[in-house]
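Residue strings, one per chain:
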Amino acid sequence: MASKLAFKKHVIDEGMNETCAVVDVDGDGVLDIVGGTHWYKGPDWKKYPMREIPFENNYVDNFADYVLDVNTDGKPDIISGSWFRKQIAWYENPGEAGKIWTEHVIDVPGNVETLCMVDLDGDGIPDILPNVMGVDNISWYKSIPGKNPEFKRVIIGHEGVGHGLGYGDINGDSRIDIITPNGWYEGPKDPVNDEWKWHPEFNLESTGVPVLTYDITGNGLMDIIWGAGHNYGLYWEEQKIDSAGNRTWVRHEIDSDWSQSHALALADLDKDGVMELITGKRLFAHNGNDPGGKDPSCLYWYKLNHDDFTWKRNVIDEGTKVGAGMQICVADVFNRGKLDIVAPGKGGLYLFENIG
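Definitions and limits used
- Residues numbered from 1 in each chain as written.
- Predicted model: local features only at pLDDT ≥ 70, side-chain atom pairs only at ≥ 80, totals over all residues.
- Heavy atoms only, no water.
- Helix = DSSP H or I, 4+ residues; strand = E, 2+ residues; numbered from the N terminus.
- Rg over C-alpha atoms; globule rule 2.2 N^0.38 Å.
- Buried < 20%, exposed > 50% of the residue type's maximum accessible area, 1.4 Å probe, protein only.
- Contact = heavy atoms within 4.5 Å.
- Areas by Shrake-Rupley, 256 points an atom, 1.4 Å probe, with all protein chains shown as cover.
- Salt bridge = Lys/Arg side-chain N within 4 Å of Asp/Glu carboxyl O.

## Quick word on the overall build of the protein
Part 1 of the reasoning: A tally of regular secondary structure across the protein gives 0 helices and 30 strands.
Part 2 of the reasoning: Taking 2.2 N^0.38 as the reference for a compact globule, 356 residues should give roughly 21 Å; the C-alpha atoms of the protein span a radius of gyration of 19 Å, in line with that estimate.
Part 3 of the reasoning: On the principal axes, the C-alpha backbone points of the protein span a range of 60 × 50 × 40 Å.
Part 4 of the reasoning: Relative to its 356 residues, the protein shows a buried fraction of 55%.
Part 5 of the reasoning: Of the contacts formed within the protein by residues at least 6 apart in sequence, a portion of 46% connects residues at least 24 apart.
Part 6 of the reasoning: Accessible area for the protein stands at about 14,700 Å²; split by element, carbon and sulfur atoms hold 47% of it.

This is the structure in structure tokens:
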């Protein structure tokens, strides 16, 4: 059956920016967009300065924007990661449009490729899971919001250090596991104090962030979806368990026609109860030096065929400056019961309104 999905493009800002967050910044009941140095007030997207971020080697040194009320004052703050400054920091919402947000450095662990926010210890508060390059160990930071907020660093292990990171319940024990390019860490009963068991079961090469988990075949086993962040290729790994209880992974290609699928998202765009995959080319991920780095830009959504578990590509935008930078945000921006897509990148910040 042909899809009835369609999207209307809104240009939020044509300036370079690879991150985004969708949140009601000013508490007026209308969703706004945070991206890089500014935030944009919905629904008209008036631009307000937020912070200064260094520009280096053709990169805005900001590689993630996530929402958390860090100081529990009722106003959403933003948690970010930086490559060149090698830091993780949170930016305090001043509650006044146009006023600069105060930067609070959480840690300086190394080159932060990007980060994820996920509740790893089950306390209902998202924790920080950064992808840090050139370090000895993978770590996460337990979030402890309050008037004097804390972030407790928890070391997981050294085996999975590399380009790419994700999370999900791989083994079906209702605990969050951590996925790396070289294998996965099994989430323990006590994620803060217990050992994270290492499973070197696959090689995802130089994958993007996040690596996604989704039961594609419907057999109760979580499969893995990943993009080659700096090469051609979009794939899913099928999880199989034999009669002896041994786990194996079978690779399936989703698409290999375009490169630099660095950011991915899953969402039920057409409200049929099945997740769609949203991803796109990270424009000039390595300043055009990756394979396909100078090919036309693109943003796509993929529909899963449950008969043969293949994915059909559908165009959101291609051949313009639109792509998927370090993040893709999916939210009901216009409060109409439909999921919209926010796509940042070196070609600008764009909102795709779901009009299907």
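## Some words on the pattern of salt bridges
Part 1 of the reasoning: Evaluated as defined, the whole model comprises 22 salt bridges.
Part 2 of the reasoning: With its nearest N and O atoms 2.5 Å apart, the salt bridge here joins Asp-26 to Lys-41. With Asp-26 in the loop between strand E2 (21-23) and strand E3 (32-35) and Lys-41 in strand E4 (residues 38-41), this pair connects stretches of sequence that are 15 residues apart.
Part 3 of the reasoning: Look at Asp-26 and you get partly exposed, because its relative accessible area is 35%.
Part 4 of the reasoning: Overlapping salt bridges, with partners in common, bring together Asp-270, Asp-272, Glu-276 and Lys-303 in one network.

## Considering unusual backbone geometry
Part 1 of the reasoning: At the junction of Gly-42 and Pro-43, the peptide bond is cis and its omega measures out at 5 degrees in the coordinates.
Part 2 of the reasoning: With respect to the helices and strands, Pro-43 occurs in the loop between E4 and strand E5 (46-49).
Part 3 of the reasoning: For the bond from Val-209 to Pro-210, the omega torsion is 5 degrees, close enough to zero to count as cis.
Part 4 of the reasoning: Tracing the sequence through the fold places Pro-210 in the loop between strand E19 (197-199) and strand E20 (212-214).
Part 5 of the reasoning: For Trp-45, which is not glycine, the phi torsion reads 65 degrees and is therefore positive.
Part 6 of the reasoning: Position of Trp-45 among the secondary structure elements: in the loop between E4 and E5.
Part 7 of the reasoning: You will see that Ser-174, though not glycine, has its phi angle at about 70 degrees, which is positive.
Part 8 of the reasoning: Relative to the helices and strands, Ser-174 is located in the loop between strand E16 (166-168) and strand E17 (177-180).
Part 9 of the reasoning: Exposure remark for Ser-174: the relative accessible area of 70% places this residue in the exposed category.

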